[in-house]
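Structural features, examined
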Amino acid sequence: MVRCRMCHDGNMTLQYPDVANAISDTLANSSCSQANRSTVQCPNCSAPLAKSIAIPSFSMTLGALSNIVALVILVKSYARFRRRSKATFLLFASSLVLTDFAGHIIPGALVLRLYIGKTDITGPLCQFLGGSLVFFGLCPLFLGCIMAIERCVGITKPLLHSAVVTSTRTKMVVVFLWLTAGFMASLPFMGFGKYGVQWPKTWCFISNDSNPLWTEDVFALLFSFLGVTSLLISLICNTISGVSLIQARIKKQNCNRRNKSHDIEMVVQLMGIMAVSCVCWSPLLVIVGMHRIQNIASYSWISFLGVRMAAWNQILDPWVYILLRRAVMRKVYRLLVKRTDFNQSNFDRWGFSSFQSSERSVVNRY
């Protein structure tokens, strides 16, 4: 029956070519109309989340406000409390928050213009946006790493720290780290590496061409290596600092309680910075490195999610300083323990009296 029907249809096509053409045209128009209808109803079905301007607008606004609040707190602390080791930490922390703030404003404004379609993403703008993301991505990792090293030396080798670390040298180190990150971000402008448009064509980052040059692979691997190394050094130094403070407490060494309390506060904040950086940056760093070693399927979509996670690092970093302050932690402890006599509590005996306000510490000094 099938063969007979096929023969019948073939004979019909030969005998009535006009009818056959009319039927084929009708079917083609019907399919096209359905396709156009689906496109009108859902023009961005392939990436509904990626094309939404609400998420980048919200993250940019929240990040800018958070960094402004944290920067005000750090500036006031530095102006009212000029103890040497604390001042060094505050200089590094202020530089980190200032970098996070600039990293939200500069790339964020460009990304918003790309989302609303008022700017051409190709050309020099793409290169500038890619360089900005690399620069403002490496700077927080570098600063978090040097802060962990500084606290580790201050806790384990206090005499060396007091002899070597000064405010002038601290500022020079910050400038050096900024220049290092800037040199790394500018390598593609010198022909070593390449920036390219990323899915869904609303941002630019390290190029992921199917046939990259060896310089592009080295540049991507170098970016990943520097980021991962900074996180590992931060983890090691913060672990050493924490263990040293615990050992000092177990041995009940007689030292200045105020100095110990400030060390505890700074190490707690560094632990928070390290945890935030590891959670937010590790996925993107690993993805960029692994993609160069072994081609990853759906790399564009995964890297897009990785960049969004990395953007939250600049939002959460300021809240480490806002929430993990002594005054805030003291109030939280009151709410949890519901005690009013802190002089007889375990909280005070374990040296966590460091979470008093800086103003109270200065007043007690007199």
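Worth saying up front: this structure is predicted, and the values here are computed from it rather than measured.

1. Observations regarding the nonpolar core
With 58 residues, the main nonpolar core has Val134, Met147, Phe205, Ile206 and Phe223 as its most contacted residues. The set of elements that each furnish at least two residues to this core consists of α3 (54-80), α4 (84-115), α5 (124-156), α7 (167-186), β2 (203-206), α8 (214-251), α9 (257-293) and α10 (299-323). At 12 residues, α5 tops the list of elements feeding residues into this core. Beyond its immediate stretch of four places on either side in the chain, Val134 contacts Met184, Ala185, Tyr195, Phe205, Ile206 and Phe223.

2. Describing the packing of aromatic side chains
Taken as a whole and assessed by the stated rule, the structure comprises 8 aromatic pairs. Measuring from ring centre to ring centre gives 6.3 Å for Trp203 and Phe304, while their planes differ by 45 degrees; the resulting arrangement is tilted. With Trp203 in strand β2 and Phe304 in helix α10, this residue pair connects regions lying 101 residues apart in the sequence. Of the two residues, Trp203 and Phe304, neither departs from the other in class, the shared state being buried. Ring geometry for Phe205 versus Phe223: centroids 5.7 Å apart, planes at 80 degrees, classification edge-to-face.

3. Comments concerning the state of the cysteines
Evaluated as defined, the whole model comprises 1 disulfide. No disulfide involves Cys280; its sulfur sits 9.6 Å from the nearest other cysteine sulfur, which is in Cys278. Since its relative accessible area comes to 5%, Cys280 is described here as buried.

4. Considering the packing of α3 against α10
Two numbers describe how α3 lies on α10: the axes approach to 8 Å, and their chain directions differ by 30 degrees. The angle between the axes of α3 and α10 places the two elements in the roughly parallel class. Relative to α10, α3 is oriented so that their crossing is left-handed. Mapping the contact onto sequence places Ile55, Pro56, Phe58, Ser59, Leu62, Gly63, Ser66, Asn67, Val69, Ala70, Ile73 and Leu74 in α3 and Arg308, Trp312, Gln314, Ile315, Pro318, Trp319, Tyr321 and Ile322 in α10. A breakdown of the residues in the contact of α3 with α10 according to their chemical character gives 14 nonpolar, 5 polar and 1 charged.

5. Examining the pairing of strand β1 (residues 195-198)
In terms of strand pairing, β1 meets β2 through 4 bridges, oriented antiparallel. When the sheet's bridge partners are listed, Tyr195 is paired in β2 with Ile206. Hairpin connection, β1 to β2: the antiparallel pair is bridged by 4 residues, and Lys201 has positive phi, about 65 degrees.

6. Quick notes on empty space enclosed by the protein
Across all of its chains, the model carries 1 cavity of 30 Å³ or more by this definition. By volume, the largest cavity is sized at about 90 Å³. In this structure, the largest cavity is lined by Pro140, Leu141, Gly144, Cys145, Ser230, Leu231, Ser234, Asn238, Leu270, Ile273, Met274 and Ser277. Grouping the amino acids of the lining of the largest cavity by side-chain chemistry returns 7 nonpolar, 5 polar and no charged.

7. A word on the pattern of salt bridges
In this structure the tally under the stated criterion is 4 salt bridges. Asp209 is the salt-bridge partner of Lys194, the closest N and O atoms lying 3.1 Å from each other. Here Asp209 lies in the loop between β2 and α8 and Lys194 lies in the loop between α7 and β1, a separation of 15 residues in the sequence. Take Lys194: its relative accessible area is 36%, and that puts it in the partly exposed class. For Arg292, the salt bridge identified is with Asp217, shortest N-O distance 3.0 Å. Of this pair, Arg292 sits in helix α9 while Asp217 sits in helix α8, and the two are 75 residues apart along the sequence. Since its relative accessible area comes to 15%, Arg292 is described here as buried. We classify Asp217 as partly exposed; its relative accessible area is 22%. Counted as one network, the salt bridges with shared partners bring together Glu150, Arg151 and Asp263.

8. Describing the confidence of the model for the protein chain
With 73% of its residues at a pLDDT of at least 70, the protein chain reaches an overall mean of 78. Per-residue pLDDT, averaged within each element of the protein chain, yields its smallest value for helix α13 (residues 358-364) (41) and its largest for α7 (96). Segment residues 1-24: pLDDT under 50, and 2 contacts once partners within four positions in sequence are set aside and those in other chains are kept. Below a pLDDT of 50 lies the segment residues 26-50, which in the model reaches 10 contacts outside its immediate sequence neighbourhood of four places, other chains included.

9. Considerations on the environment of Trp281
Tracing the backbone shows Trp281 in helix α9. The spatial distance from the C-alpha of Trp281 to the C-alpha of Gly227 is 8.1 Å, given a sequence separation of 54 residues. Those residues in contact with Trp281 that lie beyond four places of it in its chain are Gly137, Leu141, Phe223, Ala310 and Asn313.

10. Quick look at the side chain of Ser224
Looking at where Ser224 falls in the secondary structure, it is placed in helix α8. Classification of Ser224 as buried rests on a relative accessible area of 8%. If near-sequence neighbours (up to four positions away) are discounted, Ser224 is found in contact with Leu285 and Gly289.

What counts and how
- Residues numbered from 1 in each chain as written.
- Predicted model: local features only at pLDDT ≥ 70, side-chain atom pairs only at ≥ 80, totals over all residues.
- Heavy atoms only, no water.
- Core = buried A, V, L, I, M, F, W, Y, C linked by side-chain atoms within 4.5 Å.
- Buried < 20%, exposed > 50% of the residue type's maximum accessible area, 1.4 Å probe, protein only.
- Helix = DSSP H or I, 4+ residues; strand = E, 2+ residues; numbered from the N terminus.
- Contact = heavy atoms within 4.5 Å.
- Phe/Tyr/Trp six-rings, centres within 6.5 Å; stacked < 30°, edge-to-face > 60°.
- Disulfide = S-S within 2.5 Å.
- Axes fitted to C-alpha atoms, helices over the stretch in contact; angles between N-to-C directions.
- Parallel < 35°, antiparallel > 145°, perpendicular 65-115°, else oblique.
- Left-handed = near helix turned anticlockwise from the far one by under 90°.
- Nonpolar A, V, L, I, M, F, W, Y, C, P; charged D, E, K, R; others polar.
- Pairing = 2+ DSSP bridges.
- 1 Å grid on protein atoms, 1.4 Å probe; cavity = no way out; pocket = protein on both sides within 12 Å on 5 of 7 lines; lining within 4 Å.
- Points joined across faces, edges and corners; volume = space filled by probe spheres on them.
- Salt bridge = Lys/Arg side-chain N within 4 Å of Asp/Glu carboxyl O.
- pLDDT = per-residue confidence, 0-100.

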